[in-house]
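Here is what each chain is made of, one letter per residue.
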Amino acid sequence: MATVGFYGAGKAALDSVSEALAMEVEAFGIKVTIVQMGGYNTHLFTVGTTTTQPLPPYQPLRTEMEAMWGDAVAPEPGTAAPVIMELAALSDPPRRLIVGSQSFDHVLEMGRAQMNLYRSWEHLSRIAPG
């Protein structure tokens, strides 16, 4: 998401390392679940993005993002605790779990959009043998 690319990059790196770890330890009976948390009231988009001095060229983007975020209040992080506790108690947990109803829909839509993009360029991708 614009203005928090560093945050997204860190999450992507952790996701990749977690996938590799899950494959490496699976043979030992160790399960790894990548928990994809939805939007919770962690102040990321308020305090987390306002601790630096804003640069004038970025003000239009900041204004656009602030309008997009609106005044909606995200749920408190503690509301996800029952899901995490149930997940921890599973004998055969999933490799991935999306936590948050709204986020579930959003993640599925992003996956569909990515698949459609891949399919639209499949002819070009398949030219190379690798």
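Structural data are supplied above this passage.
An account of the accompanying structure is given in this report.

1. Observations regarding the pattern of salt bridges
With the rule as written, the count across this model stands at eight salt bridges. In this structure, Arg95 engages Glu19 in a salt bridge whose closest nitrogen and oxygen atoms are separated by 3.0 Å. Here Arg95 is found in the loop between α3 (81-89) and β2 (96-99), whereas its partner Glu19 is found in helix α1 (residues 5-25), with 76 residues between them in sequence. Given a relative accessible area of 29%, Arg95 falls into the partly exposed group. In this structure, Arg95 engages Glu26 in a salt bridge whose closest nitrogen and oxygen atoms are separated by 3.9 Å. On the criterion of sequence distance, the pair formed by Arg95 in the loop between α3 and β2 and Glu26 in the loop between α1 and β1 (34-37) is long-range, its members being 69 residues apart. Classification of Glu26 by relative accessible area gives partly exposed; the value is 46%. Each member of the salt-bridge network shares a partner with another, and the members are Asp15, Glu19, Glu26, Arg95 and Arg96.

Thresholds, definitions, all that
- All chains use their own residue numbering, which begins from 1 and follows the written sequence.
- Confidence filtering applies because this is a predicted model: local features only for residues at pLDDT of at least 70, side-chain atom pairs given and counted only at 80 or more, and all residues used for totals across whole chains, interfaces and linings.
- To obtain the side-chain values, all non-hydrogen atoms of the structure were included, while hydrogens and water were left out.
- The salt bridge criterion pairs a side-chain nitrogen of Lys or Arg with a carboxyl oxygen of Asp or Glu, the two atoms within 4 Å.
- By definition, any uninterrupted DSSP run of H or I lasting at least four residues is a helix, any uninterrupted run of E lasting at least two residues is a strand, and each is numbered from the N terminus.
- When accessible area is computed with a 1.4 Å probe and restricted to protein chains, residues below 20% of their type maximum are described as buried, those above 50% as exposed, and intermediate ones as partly exposed.

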